[in-house]
Amino acid sequence: MPSATAIANLKRDGYNELPSAQARSLLSIAWDSIQDPIFLLLVGGGIIYWILGDHQEALILLGFVVFLAAIGFYQEGKTEHALEALRDLSSPRALVIRDGKRKRIAGREVVRDDILMLAEGDRVPADAIVLSCTNLSTDESLLTGESLPVRKVVAVGDVEMARPGGDELPFVYSGTLVVQGQGIVKVRSIGAQTEMGKIGNALQKVSPEVTPLQREMNRLVSRLFGIALALCVAIVVIYGATTGDWLKGVLAGITLAMAILPNEFPVVVTIFLALGAWRISQNHVLARRTSAVETVGSATVLCVDKTGTLTLNQMAVQQLFAYNHPENPQPYDLALHSQVPLPEAVHELVEFCILASQRDPFDPMEKAFKELGDRSLAHTEHLHSDWKLLREYPLSPQLLAMSHVWQSADGKLYEIAAKGAPEAIADLCHFTPQQQQLLTTQVSEMAAQGLRVLGVAKASLLDAPPPFLPPHPVLTPEHLPDKQHDFPFQFLGLVGLSDPVRPTVAAAIQECHTAGIRVVMITGDYPETAQTIARQVGLLQTGETITGAELDRMSDTELQQRIENTNIFARAVPEQKLRIVNALKDKGEVVAMTGDGVNDAPALKAAQIGIAMGQRGTDVARESAALVLLDDDFSSIVQAVKLGRRIFDNLRKAMSYLIAIHIPIAGMSLIPVLFKLPLVLLPIHVAFLHLIIDPACSIVLEAEPAEANVMKRPPRNPKEPLFGKKTLGLAMLQGGGILVVILTVFAIATYRKQGELDVRALTFTTLILANLGLILSEGSTSHLSLKILKSPNPALWWVIGGGVFFMAIVLYVPFLRGLFSFSFLHPIDLAICFGGGLISLLWFELLKQTTKRGLS
């Protein structure tokens, strides 16, 4: 289909998706804001001031409602944008033919009349008619409840879509899973018009899941909320009973509630996780579950595939080892003879490599065979575009080989082409032990060069008629045996393919070693091939290489013992990944595991961090994984780990900041009431503080860059709480230090016999400056330096600059100064305030250095 037609169809019919929950409207965000305790308290304070006749104070509090609502809209907007971007990335992928070329697009962009290519493991993105297929079966239990996969056939003529159910239908349906074979289909229905769309709303809503961290935070907030509410009621009663002024007692209670209610905590966690998932996606890693954002930074082991992850997955045939002269077989290296035609001795080997592959291949190895054939065998009798494929015998865990049965164009010749693991092909050819030994030697020599080695064989039915051949040899698929072993195969030779290492991998693996993360390679290749690639990328091999056959013979106890010193698993099949993951988990490791196939799904689910391949992976693998590697590049995994560590660090900074800054606010709201002193902080002052606190914790600290040593320290323990004793103690010492400084300024102002307005202005200005100093200090766990002036975080300077600017106009614009109940501050007063802010900053830095020495 031409791209222009696809765009027109998309505009006409809309996206291929079920009606889903719309992005939150301004009204719904506003309604959530109204239910926020801080807003309710501000409105309550405004009503009380209105009753007292102080209309200006009431209006200014309502003005703060607008300002804080604007901050809330901005935060919600960022979160919604991040979630929408993740929803788009999470859309199942579809392989379509556009402008004559295959193109992988988001499933939601599939349109009517698109031509789709389906393969084992794919999730069908739309209802479609089968145009061609090979052994195509789908799991339709989602629609019909059938427990077994159903076979598909090619549509004959122009047929209309029918309801699902039963075998031999020429239709596939949206949401079903391809469990075997492959096919080419034409889309007939999308979105709500599909059978899935007609069933109901099972997949309609996309809502962020509640993570363990969020649940822990919600429990903490509920407990703190109860304590805060009890304190506020006590303050109202104490103030009202001792002074008789119950309205001012209510104002004091509202001020304390605004000072200590932990309403920011769950908001900050939600924002950090949503934006963290979005930031990770910017580095080509999709977080399908936000819980992965919490755990990816704590990974201790990365288990990765070789092909496509450590290498480019751009296969090229490098060596051909033909067995036409078994007495003196010699490998033919294409790199050494690139300028000369391919010799006749290897023509048959290349011919049957192509016959054992798909006619229009997608697999990189099969692509390499086709490219070699098109380049070297054109205009020869060895290419057979007019032959008919009668049957395909797929690869299986029991036999790592596949075969194609072909009928010649004249119907007189039947050839079977097989390719696969050399030992599997040798088994099909019934090698003697001596032949097997010679083959193993040659395979080892090729694998030691870093080549991926395949064996190739052929069988010609009419040359050696097998018992299943009919009397009059007109062969049909019904006459063919169920097993590949029943064919009289003849071994043709070996093919060695090279796959260049990704240029970014060596540096990424070195970064893992520095960060205390162990990298384990799991591959289906030979040990020699795996070891060669390991040396090229700098993968440390402290112990031996374990093969899949050895793994099968090991007990779980022996595997746990040997896995400590084993970083390479060769000749492994996907089902063995689950044992490796479980053995590592039993040793206390936090495992990140990559996978791409249907059989990888159990291991991806078992690993704490399952990582599916986005380009070459199946939909089953992607749906089982917590992360999807959009570019299949190992270095992207390392960047995700780095970002995960940064997100957790910044979340801890934000929580520490919130605890620290609430201590002096709560103290200055509580102490004057207990000691019958004039109220220092009123609701308007706490509202002003929230204009700095809210963006500081959820925007400034979230955007802070990673620490310089983020990948030079060992992984954190995933059981380590967000608020450890040291973190909580540091935050309380920071907040306690600010409170001591403010009380000192309060005492100095009282000693100088300054009035209530002077005391309030001095105390509040010092609190603002100390708060800004705390934001600067929390931005880095290392010591503060002039490098902070070059901070790449513009939000930091917007908040600090905005805080200083608004504090200045509040102090020196008479109207605003009156609203805040301040007096004019003279230079000596400002010097006291700046001195208090500087002492606070020095205190924060001293605490950081002391804590760092204590941890080292």
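Above this text is the structure in question.
Throughout what follows, the structure given in this document is the object of discussion. (Residues numbered from 1 in each chain as written. Predicted model: local features only at pLDDT ≥ 70, side-chain atom pairs only at ≥ 80, totals over all residues. Heavy atoms only, no water.)

**Looking at the overall build of the chain**
For step 1, the next point in the chain: Within the chain, the secondary structure is distributed over 29 helices and 22 strands.
For step 2, the next point in the chain: A separation of at least 24 residues holds for 73% of the contacts in the chain among residues at least 6 apart in sequence.
For step 3, the next point in the chain: Accessible surface computed for the chain: about 37600 Å², of which carbon and sulfur atoms make up 61%. (Helix = DSSP H or I, 4+ residues; strand = E, 2+ residues; numbered from the N terminus. Contact = heavy atoms within 4.5 Å. Areas by Shrake-Rupley, 256 points an atom, 1.4 Å probe, with all protein chains shown as cover.)

**Notes on empty space enclosed by the protein**
For step 1, the next point in the chain: Counted under the stated rule, the structure contains two cavities of 30 Å³ or more.
For step 2, the next point in the chain: Those elements that place two or more of their residues in the lining of the largest cavity are β1 (93-98), β3 (115-119) and α22 (619-624).
For step 3, the next point in the chain: The residue makeup of the lining of the largest cavity, split by class, is six nonpolar, no polar and six charged. (1 Å grid on protein atoms, 1.4 Å probe; cavity = no way out; pocket = protein on both sides within 12 Å on 5 of 7 lines; lining within 4 Å. Points joined across faces, edges and corners; volume = space filled by probe spheres on them. Nonpolar A, V, L, I, M, F, W, Y, C, P; charged D, E, K, R; others polar.)

**Describing the sheet that holds strand β9 (residues 301-305)**
For step 1, the next point in the chain: The sheet built from eight strands is open, its strands ordered β8-β22-β21-β20-β9-β17-β19-β18 with mixed pairing. With one partner strand each, in any of the chains shown, β8 (285-287) and β18 (546-547) form the two edges of the open sheet.
For step 2, the next point in the chain: The sheet contact formed by β8 and strand β22 (residues 627-629) spans three bridges and is antiparallel. Paired with Leu 286 across the two strands is Val 628, which belongs to β22.
For step 3, the next point in the chain: In this fold helix α20 (residues 574-586) packs onto β9, β17 (518-522), β19 (568-570) and β20 (591-595), with an angle of close to 170 degrees to the strand it touches most, β20. (Pairing = 2+ DSSP bridges. Axes fitted to C-alpha atoms, helices over the stretch in contact; angles between N-to-C directions.)

**Side note on α20**
For step 1, the next point in the chain: By the burial criterion, the buried members of α20 are Gln 576, Lys 577, Ile 580, Val 581, Ala 583 and Leu 584. The buried residues of α20 occupy one face: seen down the axis, they fall within an arc of 165 degrees.
For step 2, the next point in the chain: Phi turns positive one or two residues past the end of α20, at Gly 588, with a value near 90 degrees. (Buried < 20%, exposed > 50% of the residue type's maximum accessible area, 1.4 Å probe, protein only. Arc of directions from axis to C-beta.)

**A look at the packing of aromatic side chains**
Centre distance and the angle of the planes are the two values used to describe a pair of aromatic rings.
For step 1, the next point in the chain: Applying the stated criterion across every chain, the model contains 11 aromatic pairs.
For step 2, the next point in the chain: Here the aromatic rings of Phe 820 and Phe 822 are separated by 5.7 Å at their centres, their planes lie at 40 degrees, and the arrangement is tilted.
For step 3, the next point in the chain: Here Phe 822 falls in the buried class, since its relative accessible area comes to 4%.
For step 4, the next point in the chain: Joined through ring pairs, the aromatic side chains of Phe 321, Tyr 323, Phe 431 and Phe 491 make up one cluster.
For step 5, the next point in the chain: Looking at Arg 108, its charged tip hangs above the ring of Tyr 15, at a distance of 3.9 Å from the centre.
For step 6, the next point in the chain: The ring of Tyr 526 has Arg 571 lying over it, and the distance from NZ or CZ to the ring centre is 4.0 Å. (Phe/Tyr/Trp six-rings, centres within 6.5 Å; stacked < 30°, edge-to-face > 60°. Lys NZ or Arg CZ within 6 Å of the ring centre and 35° of its normal.)

**Side note on the nonpolar core**
For step 1, the next point in the chain: Formed by 115 residues in total, the largest nonpolar core has its most connected members in Leu 302, Phe 634, Tyr 657 and Ile 775.
For step 2, the next point in the chain: Among the elements that line this core, the one with the most residues is helix α23 (residues 634-674), at 19 residues.
For step 3, the next point in the chain: Apart from residues no more than four positions distant in its own chain, Phe 634 is found in contact with Leu 302, Val 304, Thr 309, Leu 310, Val 505, Ala 508, Ile 509, Cys 512 and Val 519.
For step 4, the next point in the chain: In this structure, Leu 399, Ile 425, Leu 439 and Leu 480 belong to the second largest nonpolar core, which totals 32 residues. (Core = buried A, V, L, I, M, F, W, Y, C linked by side-chain atoms within 4.5 Å.)

**Digging into the packing of α23 against helix α25 (residues 725-751)**
For step 1, the next point in the chain: Packing of α23 against α25 brings their axes to within 8 Å, and their N-to-C directions diverge by 35 degrees. Pair α23 / α25 crosses with right-handed handedness. Facing Arg 652, Ser 656, Ile 659, Ala 660, Ile 661, Ile 663, Pro 664, Gly 667, Met 668 and Ile 671 of α23, the residues of α25 in contact are Thr 727, Leu 728, Ala 731, Met 732, Gln 734, Gly 735, Gly 736, Ile 738, Leu 739, Ile 742, Leu 743 and Phe 746.
For step 2, the next point in the chain: For the contact of α23 with α25, a count of residues per class yields 15 nonpolar, six polar and one charged. (Left-handed = near helix turned anticlockwise from the far one by under 90°.)

**Thoughts on the sheet that holds strand β13 (residues 401-407)**
For step 1, the next point in the chain: Read from one edge to the other, the open sheet built from seven strands follows the order β11-β10-β16-β15-β14-β13-β12, with strand pairing classed as antiparallel. Looking at strand neighbours, the two that pair on one side only are β11 (331-333) and β12 (388-393), the edges of this open sheet. Mean inter-strand twist for the sheet, computed between neighbouring axes without regard to direction, equals 25 degrees.
For step 2, the next point in the chain: Along the sheet, helix α12 (residues 347-355) makes contact with β10 (316-322), β13, β14 (414-420), β15 (452-460) and β16 (490-498), crossing β16 at roughly 80 degrees.

**As for the environment of Thr 300**
For step 1, the next point in the chain: Relative to the helices and strands, Thr 300 is located in the loop between α10 (291-295) and β9.
For step 2, the next point in the chain: Classification of Thr 300 as buried rests on a relative accessible area of 17%.
For step 3, the next point in the chain: Separated by 218 residues in sequence, Thr 300 and Arg 518 have C-alpha atoms that sit 6.2 Å apart.
For step 4, the next point in the chain: Dropping the residues within four chain positions of it, Thr 300 is found in contact with Gly 516, Ile 517, Arg 518, Glu 589, Val 590 and Pro 715.

**Here we look at the pairing of strand β2 (residues 101-106)**
For step 1, the next point in the chain: Looking at chain direction, β1 and β2 are connected through six bridges and run antiparallel. Each bridged residue has a counterpart across the sheet, and for Ala 94 the counterpart in β2 is Ile 105.
For step 2, the next point in the chain: Hairpin geometry of β1 and β2 is characterised by an intervening segment of two residues between the two adjacent antiparallel strands and by a positive phi of about 55 degrees at Asp 99.

**A look at the environment of Ala 292**
For step 1, the next point in the chain: Along the chain, the position of Ala 292 falls in helix α10.
For step 2, the next point in the chain: Along the backbone, Ala 292 and Leu 627 are 335 residues apart, and their C-alpha atoms lie at a distance of 7.0 Å.
For step 3, the next point in the chain: If near-sequence neighbours (up to four positions away) are discounted, Ala 292 is found in contact with Ala 626 and Leu 627.

So far we have only geometry, and geometry alone does not tell us how the molecule works.
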